[in-house]
Amino acid sequence: MKTPPQLQALIDDGVIDEVLRPLKSGKEAAVYVVRSGDEIRCAKVYKDMAQRSFQQRVQYQEGRKVRGSREARAIGKASKYGRRQQEAAWKNTEVDALYQLRGAGVRVPEPFGYFHGVLVMELVTDAEGYSAARLGEVELDAAQARRFHAVLVQQVKLMLCCGLVHGDLSPYNVLVGPDGPVVIDFPQVVSAGGNNAARAMLLRDVNNLTAWLGRSAPELFETWYGEEMWERFQAGDLQPDSVLSGKFTPDLRAVDLDGVREAINDAREEALIRQQGREAAEEDD
Ligand SMILES: Nc1ncnc2c1ncn2[C@@H]1O[C@H](COP(=O)(O)OP(=O)(O)OP(=O)(O)O)[C@@H](O)[C@H]1O
Ligand SMILES: [Mg+2]
């Protein structure tokens, strides 16, 4: 195919040899299948800030470490320089997270680097070598749904042990590889310690997965893994090998239970609306 202009510099530098085909163009990025020597990989080209919602990022940016005080001030002011820095920080965040999480044994695509604003990473495939389906596109039986849920809760726990919350985890940011689910799409990842919304994001992430997989295995609706792991994380008692029960007894003195239930139902509803939106967008493609 004709090389998209954003990928030409990677060819010129010898990072990739050829662009084979477009894989998917989402609202925030376009992903291409590329060849580097004998290897088939994928390249994620981020869309310009103007094409994405700027405000929606603000919540995510909170608590993210930024190098240098000029950079921090600039981001605060959202000056032109600031916007450029923020744009760069947002793109860098994904590759940084992939290296960190991969190093911690989380099931994410292997990163091969970040070049000219483009992330080059492992192409996740199915058993036949075709690019992997997203979790939201496959039908699972109850046993598979339970297994996937367990693996995904484990990934969320490992991420939290790294001090990170995905922040946009949904059945559309999980790929179905031959040996289980792989988590993708990290530009909005947040620091668990430094962000006031981290707990809410973690609970939403886990709920999105539970809401989807619970359709095949309804007993999953009775689990409370997000609440449980957050409480243990807060207490300094969460390790990669911590065994979670999915049971959780809220502190009734401090918690408004109806409010918790309501927030969970809201999250489920939101997941459903997002899913329908995506399906509608897909039909438009
Ligand atoms: N490493 C990968 N291997 C295989 N497919 C991938 C990989 N990364 C991304 N994809 C495909 O490209 C799509 C878009 O990637 P990603 O979710 O990272 O970007 P996005 O623009 O944020 O997408 P969206 O807005 O749809 O969430 C994914 O849903 C998936 O189908
Ligand atoms: Mg995505």
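Scroll up to find the structure this text is about.
Residues numbered from 1 in each chain as written. Chains lettered and ligands numbered in written order. Predicted model: local features only at pLDDT ≥ 70, side-chain atom pairs only at ≥ 80, totals over all residues.

Peer 1: I would appreciate a short explanation of unusual backbone geometry in the present structure.
Peer 2: Excluding glycine, a negative phi dihedral is what most residues carry, and trans is how most peptide bonds are arranged. You will see that histidine 116, though not glycine, has its phi angle at about 50°, which is positive. Structurally, histidine 116 can be placed in the loop between β4 (111-115) and β5 (118-122). For aspartate 185, which is not glycine, the phi dihedral falls at a positive 70°. Using a count of 22 C-beta atoms within 10 Å as the deciding quantity, one classes aspartate 185 as buried. (Helix = DSSP H or I, 4+ residues; strand = E, 2+ residues; numbered from the N terminus. Buried ≥ 20, exposed ≤ 12 C-beta atoms within 10 Å, placed from the backbone.)

Peer 1: Can you help me understand the packing of helix α5 (residues 142-161) against helix α6 (residues 198-213) in this one?
Peer 2: In helix packing, the relevant descriptors are the interaxial angle and the interaxial distance, both defined with respect to the helix axes. Closest axis-to-axis distance for the α5/α6 pair is 10 Å, and the angle between their directions is 170°. In terms of orientation, α5 and α6 fall into the roughly antiparallel class. Of the residues in α6, those in contact with Ala145, Phe148, His149, Leu152, Val153, Val156 and Leu160 of α5 are Leu202, Asp205, Val206, Leu209, Thr210 and Leu213. (Axes fitted to C-alpha atoms, helices over the stretch in contact; angles between N-to-C directions. Parallel < 35°, antiparallel > 145°, perpendicular 65-115°, else oblique. Contact = placed C-beta atoms within 7 Å.)

Peer 1: How should the packing of α6 against helix α7 (residues 225-234) be read in this particular structure?
Peer 2: It is at 8 Å that the axes of α6 and α7 come closest, and there the two elements cross at 145°. Regarding α6 and α7, the two cross each other, and that crossing is right-handed. Residues Arg199, Leu202, Leu203, Val206 and Asn207 of α6 pack against Tyr225, Gly226, Glu227 and Trp230 of α7. Grouping the amino acids of the contact of α6 with α7 by side-chain chemistry returns five nonpolar, two polar and two charged. (Left-handed = near helix turned anticlockwise from the far one by under 90°. Nonpolar A, V, L, I, M, F, W, Y, C, P; charged D, E, K, R; others polar.)

Peer 1: Any chance you could explain the sheet that holds strand β9 (residues 180-183) here in plain terms?
Peer 2: Sheet strands associate in pairs through backbone hydrogen bonding, adopting either a parallel or an antiparallel arrangement. If you walk across this open sheet you meet the three strands as β6-β8-β9, and the pairing is antiparallel. The outermost strands of the open sheet, each flanked by one partner alone, are β6 (133-134) and β9. Of the strand pairs in this sheet, strand β8 (residues 174-177) and β9 are connected by four bridges, and their pairing is antiparallel. Bridge assignment links valine 174 to a residue of β9, and that residue is valine 183. Across the sheet, α5 lies against β8 and β9, angled at about 30° from β9, the strand it touches most. (Pairing = 2+ DSSP bridges.)

Peer 1: Honestly, the environment of cysteine 42 in this entry has me stumped. Any pointers?
Peer 2: Tracing the chain through its elements places cysteine 42 in strand β3 (residues 39-46). Looking at cysteine 42, the number of C-beta atoms within 10 Å reads 22, which means it is buried. Taking C-alpha positions, cysteine 42 is 5.5 Å from tyrosine 32, a pair spaced ten residues apart along the chain. In this structure cysteine 42 touches Leu23, Val31, Tyr32, Val33, Val34, Met121 and Leu123, once residues within four positions along its chain are discounted.

Peer 1: Explanation requested: the nonpolar core in the structure shown.
Peer 2: Soluble, globular proteins show a tendency: their nonpolar side chains are buried together. Of all hydrophobic cores here, the largest spans 62 residues; its most connected members are Ala43, Met159, Leu160, Val165 and Leu202. Tallying contributions element by element places α6 first for this core, with nine residues. Here this core spans two domains, and each of domain 1 (5-122) and domain 2 (133-284) adds at least three residues to it. Contacts of alanine 43, omitting those with residues within four sequence positions, involve Leu7, Leu10, Ile16, Tyr32, Val34, Val118 and Val120. (Core = buried A, V, L, I, M, F, W, Y, C linked by C-beta atoms within 7 Å. Domains from an automatic or database assignment.)

Peer 1: Just checking my understanding: could you explain the sheet that holds strand β1 (residues 18-25) for this structure?
Peer 2: With antiparallel pairing, five strands are arranged side by side in an open sheet as β1-β2-β3-β5-β4. The open sheet has two free edges, formed respectively by β1 and β4, since each of these has just one partner strand. Within the sheet, the average angular offset between the axes of one strand and its neighbour, ignoring direction, is 25°. Each of β1, β2 (29-36), β3, β4 and β5 touches helix α1 (residues 5-12); the most contacted strand, β3, lies at about 135° to it.

Peer 1: Teacher, can you tell me more about the site of ligand 1 here?
Peer 2: Near ligand 1 lie 22 residues; those nearest to it are Lys24, Gly26, Ala29, Val124 and Asp185. Elements with a contribution of two residues or more to the shell around ligand 1: β1, β2, β3 and β5. Across the shell around ligand 1, the residue classes break down as twelve nonpolar, three polar and seven charged. Mapped onto the domain boundaries, the shell around ligand 1 takes at least three residues apiece from domain 1 (5-122) and domain 2 (133-284). (Near = placed C-beta within 6 Å.)

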